[in-house]
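# Examination of the molecular architecture
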Amino acid sequence: MTRNSSSGNMLEKGVALLDCFSSGGGPFRLTELAGRAGLTKTTTFRLTGELVRLGLLERDGDGYRLGGKLFELGSLVPRRSSLRETALPYLQDLFEATHETVHLGIRDHHDVVYIERIHGHGAVQLPSRIGGRLPLTCTGVGKALLAFSDGELVEEVLAAPLRRLTPYSISDPLRLRTVIEQVQASGLAYEEQEATSDVSCIAAPVFDGGGIAVAAISLAVPRARFRPAQLAPAVRTAALGLSRALRKGN
């Protein structure tokens, strides 16, 4: 094995360790990281030491968590930082109008990645977090992004096993296709207890001039006070406002 191929292999293993945190923020013990990444304990011990030295991981008692250096670098990603900065006034307006939890998300493969979240008053526990990801098919933001993506992605998602987060998550491709068509017709996506229990969501796509959604905005609301007819205009207004701002910036 050459030096370059050896270095590349170790880099891949380091990325595999960091990727262990994508499904949860940790902290994780060394043995947990080794198991999640499929590495030996010896290799994991060596790599975590280097990642801690570089600021990409931090020690947390007997475990490890993501380091501050990753947050600094992530906040500089041009696409996400510029979109977030442009979106913030519209997200804040939506929060002030509803006092419910507001999300801004973008698509990454078959997932939605949340790049901003404003907590509502008396907010319930939600699986979403800034930088976290959830399946497109189980969230309002994800459905809005999926419905206004290219047709190839829709067929790709429908052909794959549909992931479920709760018993209410859609697992039938035919039903999901119908839901996507409804979102395309109305411009609004709904989610009812599909990501977590007792929470409903309403979302709208955001465009920058083309027909493909570049982001989506949503409100997550406890089911007891979910009033779609009252919330929909506010969500739609925020998404349209952000879309206009993005078009002006292009």
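Quantities reported herein were computed from a predicted structural model and do not represent experimental measurements.

Turning our eyes to something else, we now look at the packing of helix α6 (residues 140-147) against helix α8 (residues 173-186). Between α6 and α8, the shortest axis-to-axis distance is 9 Å and the interhelical angle comes to 80°. Taken as axis vectors, α6 and α8 run roughly perpendicular relative to one another. Between α6 and α8, the residues in contact are K143, A144, L146 and A147 and V179, I180, V183 and Q184, respectively. Classifying every residue of the contact of α6 with α8 gives six nonpolar, one polar and one charged.

For the rest of this paragraph, the subject is the packing of aromatic side chains. Considering all chains together, one arrives at two aromatic pairs under this definition. Considering the side-chain rings of F21 and F28, the 5.3 Å spacing of their centres and the 50° angle between planes classify their relative orientation as tilted. If you follow R36 out to its NZ or CZ, it ends over the ring of F28, 4.0 Å from the centre.

Read from one edge of the open sheet, six strands run β6-β5-β4-β9-β8-β7, paired in antiparallel fashion. Each end of this open sheet is capped by a strand with a single partner; those strands are β6 (133-135) and β7 (189-192). On average, adjacent strands in this sheet sit at an angle of 30° to one another, irrespective of strand direction. Pairing of strand β8 (residues 199-206) with strand β9 (residues 215-222) involves eight bridges; the strand directions are antiparallel. When the sheet's bridge partners are listed, S200 is paired in β9 with V221.

Moving on, we come to the packing of helix α2 (residues 30-37) against helix α3 (residues 41-53). Helix-helix packing is described using two parameters, namely the angle between the two axes and the distance between the axes. Where α2 contacts α3, the two axes come as close as 9 Å, and the packing angle between them is 110°. Relative to α3, the element α2 lies roughly perpendicular. Contact residues: α2 offers L30, T31, L33 and A34, while α3 offers K41, T44, F45 and T48. Across the contact of α2 with α3, the residue classes break down as four nonpolar, three polar and one charged.

What follows deals with unusual backbone geometry. A positive phi angle, close to 60°, is found at H109, a residue other than glycine. Here H109 is to be found in the loop between β4 (101-108) and β5 (111-118).

For the rest of this paragraph, the subject is the pattern of salt bridges. Inspection of the entire model under this criterion finds eleven salt bridges. Taking the shortest distance from any N to any O, the salt bridge between E50 and R53 comes out at 2.9 Å. Separated by three residues within a single helix, E50 and R53 lie in helix α3, roughly one turn from each other. You can call E50 partly exposed: its relative accessible area is 37%. For K143, the salt bridge is made with E194, and the minimal N-O distance between the two is 2.8 Å. With K143 in helix α6 and E194 in the loop between β7 and β8, this residue pair connects regions lying 51 residues apart in the sequence. Look at the salt bridges and you will find they share partners, linking D108, D111, R133 and R163 into a network.

The rules behind each value
- The residue count restarts for each chain, going from 1 along the sequence in the order it is written.
- The predicted nature of this model means local features are confined to residues of pLDDT at least 70 and side-chain atom pairs, given and counted, to a pLDDT of 80 or more, with totals for whole chains, interfaces and linings taken over all residues.
- Water and hydrogen atoms play no part in the side-chain values, which are based on all heavy atoms of the structure.
- For helices, the fitted line uses only the C-alpha atoms of the stretch in contact; every axis is such a line through C-alpha atoms, and the angle between N-to-C directions lies from 0 to 180 degrees.
- Labels follow the DSSP assignment, with helices taken as runs of H or I lasting at least four residues and strands as runs of E lasting at least two, numbered in each case from the N terminus.
- Geometric relationships in this document are graded by angle, where less than 35 degrees denotes roughly parallel, more than 145 denotes roughly antiparallel, 65 to 115 denotes roughly perpendicular, and other angles denote oblique.
- Contacts: residue pairs with any heavy atoms within 4.5 Å of one another.
- Nonpolar residues are Ala, Val, Leu, Ile, Met, Phe, Trp, Tyr, Cys and Pro. Charged residues are Asp, Glu, Lys and Arg, and all others, Gly as well, are polar.
- Each pair of aromatic rings taken from Phe, Tyr and Trp, with Trp reduced to its six-membered ring, is defined by centres within 6.5 Å and is described as stacked if the planes are under 30 degrees apart, edge-to-face if over 60, and tilted in the remaining cases.
- When the NZ atom of lysine or the CZ atom of arginine is within 6 Å of a ring's centre and also within 35 degrees of its normal, the charge is said to sit over that ring.
- When DSSP finds two or more bridges between two strands, those strands count as paired.
- Each reported salt bridge corresponds to a side-chain nitrogen of Lys or Arg within 4 Å of a carboxyl oxygen of Asp or Glu.
- Relative accessibility thresholds used throughout: buried, under 20% of the residue-type maximum; exposed, over 50%; partly exposed, between the two (1.4 Å probe, protein chains only).

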